[in-house]
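# Overview (structure and organization)
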Amino acid sequence: MENEYYGARVARLSQRMADANIDAFFTLAAPSMRYLTGFTGEEGFLLALQDEMHLIVDGRFTTQAQEECPWVDVIEYKGQFTSALAGLLISRRIHWLGFEKERISYVQAEQMRAALPSIAMIATEQVVEGMRAVKDARELELMRSAGRIADTAYDAMICRLRPGMAENEAAALLEYEMRKAGAQGTSFSTIVGSGARGALPHGIASDKVIEANDVVVIDFGVCYKGYMSDCTRTVAFGDQPRDVMDAYARLLEAQQLGLSRIQAGVSSRSVDTAVRDNLGEHDLSKYFTHGLGHGVGLEIHEAPRLSQGTDTVLEAGHVVTCEPGIYLPGRYGMRIEDTVIVTGGGYEPLTALSKSLVLV
Ligand SMILES: [Mn+2]
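Residues numbered from 1 in each chain as written. Predicted model: local features only at pLDDT ≥ 70, side-chain atom pairs only at ≥ 80, totals over all residues. Heavy atoms only, no water.

Attention shifts here to the overall build of the chain. Scanning the chain from N- to C-terminus turns up 10 helices and 19 strands. By the compact-globule yardstick of 21 Å for 360 residues, the chain fits well, its C-alpha radius of gyration being 23 Å. On the principal axes, the C-alpha backbone points of the chain span a range of 70 × 40 × 40 Å. Every one of the 360 residues in the chain was classed for burial, and the buried ones make up 55%. Once local pairs closer than 6 in sequence are excluded, the contacts in the chain between residues at least 24 apart make up 66%. Per element, the accessible surface of the chain, about 15200 Å² overall, is 52% carbon and sulfur. Taken as two groups, the 34 positive and 48 negative side-chain charges of the chain have centres that lie 1 Å from each other. (Helix = DSSP H or I, 4+ residues; strand = E, 2+ residues; numbered from the N terminus. Rg over C-alpha atoms; globule rule 2.2 N^0.38 Å. Buried < 20%, exposed > 50% of the residue type's maximum accessible area, 1.4 Å probe, protein only. Contact = heavy atoms within 4.5 Å. Areas by Shrake-Rupley, 256 points an atom, 1.4 Å probe, with all protein chains shown as cover. Lys, Arg positive; Asp, Glu negative; His and termini not counted. Charge placed at Lys NZ, Arg CZ, Asp CG, Glu CD.)

This part is about the sheet that holds strand 8 (residues 191-194). Taken together, the three strands give an open sheet; going across it, the order is 8-9-12, and neighbouring strands pair in antiparallel fashion. A strand with exactly one partner marks an edge of an open sheet, and here the two such strands are strand 8 and strand 12 (231-236). Within the sheet, the average angular offset between the axes of one strand and its neighbour, ignoring direction, is 15°. Two strands pair when backbone bridges link them, and strand 9 (residues 215-220) and strand 12 are joined in this way by six bridges, in the antiparallel orientation. Bridge pairing links V215 to A236 in strand 12. Contacts between helix 7 (residues 137-158) and the sheet are confined to strand 9 and strand 12, with strand 9 contributing the most and set at about 150° to the helix. (Pairing = 2+ DSSP bridges. Axes fitted to C-alpha atoms, helices over the stretch in contact; angles between N-to-C directions.)

Right under this line is the structure:
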């Protein structure tokens, strides 16, 4: 059963290898290894040939790899992984070896070149990532679970959030609730940005104490069976000055507009453009300093992107975020983010948390 599940992916990989004119494909990216074999270890080297899969691991992972993917040939290496790799490639008379240029370090590339003088190393990109962008039914179910766990954890945290708590304490409380609700961990360092720190879009929680009149940005994600969730809410303990309340209302409207544009067949850049233009009507687009969204899956940031920098036609089964923000340096920040599954007729949200600014 598992064998067939992963076998279908390996068959698609073989087709992509043929398209790229390579007879072997090498990856050391843990999410891609997991996607192709089910191996959950954080370190290893996967070599795919047209009809064989080899996982080269060190002694920490041998038993785990054999148990998790019994249909894969597991090779334990000592010293450098390149000797095991070279042995395989030479015995199979491989000449064209594809590797992922965005995933491999300069040192690893040098080691491979030194160990494989007779092999042509072909730089590839998006070979596995391109497959991973569209999720299958089983992956979508795991992502729904991740979203539910995140919602449960946030609800448990938010009713205990109080002025006088340090950002770190709020983050710790949220992360504790994630684990308690079934998460294996966080998908990134939890962001709690209060007051002026909220204007740092990726300012992770610090020892700053949250003040009663602060606007607080909370961006958090869980990891559940390898799949990530991603959600941001912005909250305050009481009514804010008029300009802040107005900016939040504009941001919420822009986020809802973005969500309403998400649908299979739509250009990802056009969704970003619609949100940017909407904020621009209120002279707020200059404070929206990052892309609108990104894909989520086995990694927290993956294909496709919703930004001005790239353009992709959205497909059913893509899982993407919609997360406009407004950041006034030295004053405050705000962001609202939901992760959704793209469908033929629109989208299915993976998060269902309140978006009201003022906590009651
Ligand atoms: Mn995000």
